[in-house]
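# Report on the structure
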Amino acid sequence: MAQRKKPNILITGTPGTGKTVTASGLEAATQLRHINIGDLVKEKNLHDGWDDELDCYIINEDLVCDELEDLMEEGGNIVDYHGCDFFPERWFDRVVVLQTDNEVLYDRLHGRGYTGAKLTNNIECEIFQVLLEEAKKSYREDIVVALTSNAIVDMNTNLATLADWIRSWNPTS
Ligand SMILES: Nc1ncnc2c1ncn2[C@@H]1O[C@H](COP(=O)(O)OP(=O)(O)OP(=O)(O)O)[C@@H](O)[C@H]1O
Ligand SMILES: [Mg+2]
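Worth saying up front: this structure is predicted, and the values here are computed from it rather than measured. (Residues numbered from 1 in each chain as written. Chains lettered and ligands numbered in written order. Predicted model: local features only at pLDDT ≥ 70, side-chain atom pairs only at ≥ 80, totals over all residues.)

### Focus on the overall build of the protein
In terms of helices and strands, the protein carries seven helices and seven strands. In sequence order, the protein lays out its α and β elements as β-α-β-α-β-β-α-β-β-α-α-α-β-α. A globule of 173 residues ought to have a C-alpha radius of gyration of about 16 Å, and the protein, at 16 Å, matches this closely. Counting over 173 residues, the protein shows a buried share of 31%. (Helix = DSSP H or I, 4+ residues; strand = E, 2+ residues; numbered from the N terminus. Rg over C-alpha atoms; globule rule 2.2 N^0.38 Å. Buried ≥ 20, exposed ≤ 12 C-beta atoms within 10 Å, placed from the backbone.)

As structure tokens, this is what we get:
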């Protein structure tokens, strides 16, 4: 099987931790392709309808994986999603879990208009480090990295760290 020439990175974390701003910044800095799974699901109808209770599309994981297989094999992708356990493990060379302090995350989500169960569910998801646990269960621990995303300075540090890593990535390593 042909090896990819550029790495694939997964950026995951609780909603509001900064996946999309980080992935967009990284796309601009490295020319890798940013794939926002939420947008893709909407655009290409890769879902089984709308979940009124959770207030989001019911993602069809098989359709998403089929849609992305060729691109992922080619390499050079930054995948952005608040879940990570249904992608094939072989797709990723690095799995980044963004983390935000509760008070900071609360203000961000509240500012977005989240209230009630939607707000508390997401805060609890962050408190219990659900995405970090999911990432560690789904991928080799040595490719999983947790990065703090509280302030702009953190984002800039994260972008520099990830861009460096991409530049020095070697397909044979
Ligand atoms: N490190 C940071 N410092 C300051 N503001 C940030 C940081 N990270 C994210 N933000 C802000 O928080 C908000 C949420 O960021 P973003 O949309 O990237 O989150 P997300 O993880 O993609 O959320 P979702 O899972 O809902 O798509 C945005 O207004 C963004 O500008
Ligand atoms: Mg996003």
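On we go from here.
### Here we look at helix α6 (residues 130-138)
Those residues of α6 that fall on the buried side of the exposure criterion are L131, L132 and A135. Viewed end-on, α6 has its buried residues packed into an arc of 100°, placing them on one side of the element. The outward face of α6, more than 90 degrees from its buried face, is lined by the exposed residues E133 and K137. (Arc of directions from axis to C-beta.)

### Regarding the packing of helix α1 (residues 19-30) against helix α7 (residues 152-168)
Look at α1 against α7: their axes get within 10 Å of each other, and the N-to-C directions meet at 45°. The pairing of α1 with α7 is recorded here as oblique in orientation. For the pair α1 and α7, the sense of crossing is right-handed. For the pair α1 and α7, contact is made by V21, T22, G25, L26, A29 and T30 and by M155, N158, L159, L162, A163 and I166, respectively. (Axes fitted to C-alpha atoms, helices over the stretch in contact; angles between N-to-C directions. Parallel < 35°, antiparallel > 145°, perpendicular 65-115°, else oblique. Left-handed = near helix turned anticlockwise from the far one by under 90°. Contact = placed C-beta atoms within 7 Å.)

### Points about the site of ligand 1
In the vicinity of ligand 1 there are 17 residues, among which P15, G18, K19, T20 and V21 approach most closely. Among the elements of the structure, α1 and α7 are those that each provide at least two residues to the shell around ligand 1. Residues of the shell around ligand 1, tallied by class, amount to five nonpolar, nine polar and three charged. (Near = placed C-beta within 6 Å. Nonpolar A, V, L, I, M, F, W, Y, C, P; charged D, E, K, R; others polar.)

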